[in-house]
Amino acid sequence: FYTENLFTTDGVPKYYTNQVYPIDSTAAAQSVLTLSRLGEHDMASRVATWMIENMQDQSGYFYYQKHRSWLNRISYMRWSNAWMFVALSSLLLSLHENRLD
């Protein structure tokens, strides 16, 4: 259910099962963490790549939320950024450990 209903084929993490928006960095980070722990590395990598390409500022921080017609570019260190950096680190570690097996 999780992987079939909460992500688009492009790796966009959905906030609700029936709609894409808002795209939330904290929720996306949780999805990368969960997918990594479940061994779903392809989907976790797609989500991480989509977030980096679409929700990361050039200076490195992640935007809070993307809505259908606007983007909330506020940098929340304890919400969006801390969790995205934990998720990306976890994904890299999981990919590395998977290669060692």
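Throughout what follows, the structure given in this document is the object of discussion. (Residues numbered from 1 in each chain as written. Predicted model: local features only at pLDDT ≥ 70, side-chain atom pairs only at ≥ 80, totals over all residues. Heavy atoms only, no water.)

1. Some remarks on the nonpolar core
Judged by nonpolar contacts, the single largest core of 22 residues is most densely connected at Val47, Met51 and Met84. Of all the secondary structure elements, the ones that give two or more residues to this core are helix 2 (25-37), helix 3 (41-55) and helix 4 (77-100). Ranked by the residues each element gives to this core, the list is headed by helix 3, at 7 residues. With sequence-adjacent residues up to four places away left out, Met84 is seen in contact with Ser25, Ala28, Ala29, Met51 and Phe62. (Core = buried A, V, L, I, M, F, W, Y, C linked by side-chain atoms within 4.5 Å. Buried < 20%, exposed > 50% of the residue type's maximum accessible area, 1.4 Å probe, protein only. Helix = DSSP H or I, 4+ residues; strand = E, 2+ residues; numbered from the N terminus. Contact = heavy atoms within 4.5 Å.)

2. Brief notes about the sheet that holds strand 2 (residues 65-66)
Spatial ordering of the open sheet is given by 1-2-3, a layout of 3 strands whose pairing is antiparallel. Bordering the open sheet on either side are strand 1 (23-24) and strand 3 (71-72), each of which pairs with just one other strand. Pairing geometry for strand 1 and strand 2, over 2 bridges, is antiparallel. Among the inter-strand pairings, Asp24 is bridged to a residue of strand 2, identified as Gln65. (Pairing = 2+ DSSP bridges.)

3. What to know about the packing of aromatic side chains
Under the criterion given, the structure shown has 7 aromatic pairs. With centroids separated by 5.2 Å and ring planes inclined at 90 degrees, the aromatic side chains of Tyr2 and Phe7 adopt a geometry described as edge-to-face. Phe7 sits in the buried class, given a relative accessible area of 7%. Considering the side-chain rings of Tyr64 and Tyr76, the 5.0 Å spacing of their centres and the 80 degrees angle between planes classify their relative orientation as edge-to-face. Separated by 12 residues along the polypeptide, Tyr64 in the loop between helix 3 and strand 2 and Tyr76 in the loop between strand 3 and helix 4 bring together distant segments of the chain. Taken together, the ring pairs connect Tyr64, Tyr76 and Trp79 into an aromatic cluster. (Phe/Tyr/Trp six-rings, centres within 6.5 Å; stacked < 30°, edge-to-face > 60°.)

4. Comments concerning the packing of helix 2 against helix 3
Where helix 2 meets helix 3, the closest approach of the two axes is 8 Å, and the angle between their N-to-C directions is 155 degrees. One element, helix 2, and the other, helix 3, form an angle in the roughly antiparallel class. Seen along the crossing, helix 2 lies across helix 3 with a hand that is left-handed. On the side of helix 2, the interface is formed by Ser25, Ala28, Ser31, Val32, Leu35 and Ser36, while helix 3 contributes His41, Met43, Ala44, Val47, Ala48, Met51 and Met55. Broken down by class, the residue content of the contact of helix 2 with helix 3 amounts to 9 nonpolar, 4 polar and no charged. (Axes fitted to C-alpha atoms, helices over the stretch in contact; angles between N-to-C directions. Parallel < 35°, antiparallel > 145°, perpendicular 65-115°, else oblique. Left-handed = near helix turned anticlockwise from the far one by under 90°. Nonpolar A, V, L, I, M, F, W, Y, C, P; charged D, E, K, R; others polar.)

5. Thoughts on unusual backbone geometry
With an omega dihedral of 0 degrees, the bond running from Tyr21 to Pro22 counts as a cis peptide bond. Relative to the helices and strands, Pro22 resides in the loop between helix 1 (2-5) and strand 1.

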